Amino acid sequence: MFRILRRLRRDERGQAMVLGVVVMLVLAVTIMTSVGIGRGVYEKIKLQDAADAQAYSLAVKEARAYNFLAYTNRAMIVHYSAMLTVMSYVSHAVYLDRTIGVAAKYLQYIPGIGAVFTAVSQAIKAWKVAVETVSRLLIPVLTALNIALWLAQEAMLTGTLFDLYTTKGHGDVIPGTDPRADVTVDMDSGQSFNNASVSSLFGNPADINYSNAKNFLHVLDDGPFSSSPTMGVDPTGMLTRAKLVSANKLSDPNMAKYRLLMGNLANGVRRTWTAQGEGPILIGRKWEFRLCVGIGELRIRKTADSQIKSFDENFENNRKDQLFASDDIRIEVRPTCFLFGWSDVFRLRFRAAADNRGGFHQEYGSSKTDDHHPWLGITPFVTSDTSFVSPRQNHFGYPCNLIVLGKDMGADRTGGKPVYELENLSQNAFMEGSGDGKYNTAENNDEAIRESYLDMTWQYVGGKQDGYAADFRQRTGGMMAMAVGRAVYHRPGQWKEEPNFFNPLWTARLAPIQTHWDAEHLKWLVPAWADSEWLIQGMNY
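Residues numbered from 1 in each chain as written. Predicted model: local features only at pLDDT ≥ 70, side-chain atom pairs only at ≥ 80, totals over all residues. Heavy atoms only, no water.

1. A few points about the overall build of the protein
Okay, step 1: Looking only at helices and strands, the protein features 15 helices and 13 strands.
Okay, step 2: Split into buried and exposed, the 541 residues of the protein put 43% on the buried side.
Okay, step 3: Considering only contacts within the protein whose residues lie at least 6 apart along the sequence, 68% involve residues at least 24 apart.
Okay, step 4: Here the protein has roughly 27,500 Å² of accessible surface; of this, 61% comes from carbon and sulfur atoms. (Helix = DSSP H or I, 4+ residues; strand = E, 2+ residues; numbered from the N terminus. Buried < 20%, exposed > 50% of the residue type's maximum accessible area, 1.4 Å probe, protein only. Contact = heavy atoms within 4.5 Å. Areas by Shrake-Rupley, 256 points an atom, 1.4 Å probe, with all protein chains shown as cover.)

2. A closer look at the confidence of the model for the protein
Okay, step 1: Counting all residues, the mean pLDDT for the protein is 76, and 67% of those residues have values of 70 or more.
Okay, step 2: Here residues 223-227 is a poorly scored stretch, pLDDT under 50, and it has 16 contacts once near neighbours within four places are set aside; other chains count.
Okay, step 3: When the criterion is pLDDT under 50, residues 429-435 qualifies, and its contacts beyond four places in sequence or with other chains add up to 15 contacts. (pLDDT = per-residue confidence, 0-100.)

3. Examining the pairing of strand β5 (residues 297-310)
Okay, step 1: In the sheet, strand β4 (residues 287-292) pairs with β5 via six bridges, with the strands oriented antiparallel. Paired with leucine 291 across the two strands is leucine 298, which belongs to β5.
Okay, step 2: Between the antiparallel neighbours β4 and β5 lie four residues, among them glycine 294 with a positive phi of about 90°.
Okay, step 3: In this structure, β5 lies alongside strand β6 (residues 321-334), joined through 14 bridges in antiparallel fashion. Residue lysine 309 lies in a different strand from β6, and its bridge partner there is glutamine 322. (Pairing = 2+ DSSP bridges.)

As structure tokens, then:
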């Protein structure tokens, strides 16, 4: 018996099995850990892809909206320029008719050359009738087109807000990229994005989650208050801008600013012939003739002007603007050819105007004839104002959207199905006993963490003892991804041009999240933020 025991004690067979069991255990744990880490990396990549795709998609919609504003604004400016040019033709035609036309009417009786003047007189009258007919038709049509373009702008802004602020507008970008991803609870209001309708944008703003998009309307300059995306029942400012088409008064400072801004932009694109006149003597819009006879000098000056003018609402009962065009002739003399100043001898003005009362021709100072050329006045359209305070807070004048996605990884979160779970290890953390929760007490938090060493369910991701980690797990489900999409104004080459809504050069890109406006919430998401901020602010260069 003792001999058998001594032999068994000296026998070395079976050692490999014991070592193999230990090694296989370590290998199994390593493999499971690798699988868990690999799965987590894979899920995080998918979640980040979904956040990036959604942020970029919304930035594309913002850029698309701004480019649409640029295209429509350019079209409206072209319409204003066309109307001003037509009114210039009307004023110039009246000038030709009342000067050269009148002279030709008498000169047509000269034998031999009378037929030439007869033809000139008829041609001028035909030209006057033609431009007046065109103006009567063209100005109302172009005005109606501008109103239609303005309504299209408002529809684009409203539709883009709907895409940014509601889940219905988001589309299937997130579920199409990562079906398990979900938009986390709003960091501002504590609610997630809902299925609000378009009418909620104007009827019930409380149903809208505004935290998704920031600065979308900040860059807009429409005179009143639509630079804030949460301005109540008029989020885009459409109802305020509509006053330009209805109760339009210069006494309203917001409307006055808007009217003058729109009028100046339209006047800024006039051609030289329309704005100040040019052309040959007698038949041109701008020319000068001088004659010195020794004892004095005679000067005949022909000038012209065409512009959009904003009159006071009490001026001749005119509440709106005018399309104004004039051709003036001034005869001046001075005692010598070189000294003393000029004095008027005779002045003659030929003027045409289009306004809310129907327009008129004004000739010979005060007489008015030909009541026509109706025009509703300046039509609202959207421009930009890149002046702002706190560049970091307002994202440097560019619209942006912040996407925060979470995924239920089996952390402390009610509802949902965990993405990845090793259920046997979740129920039996064998390195610390049976895993019956005996360590999950306030007195044994350190031991509770040890109990979950092999728990691959992300139940204690970030540490169970950490209050921040518990809050993070509750909000996100254990995994979070952030992305910021930004619509930027980019003109190729070395152009240094402020963002505007007249060149369709808006494009979309992803932006670093650390440049986002929401510093307070980023401090919550990134605990090291406060330390880094203190460090950076403490440096002196």
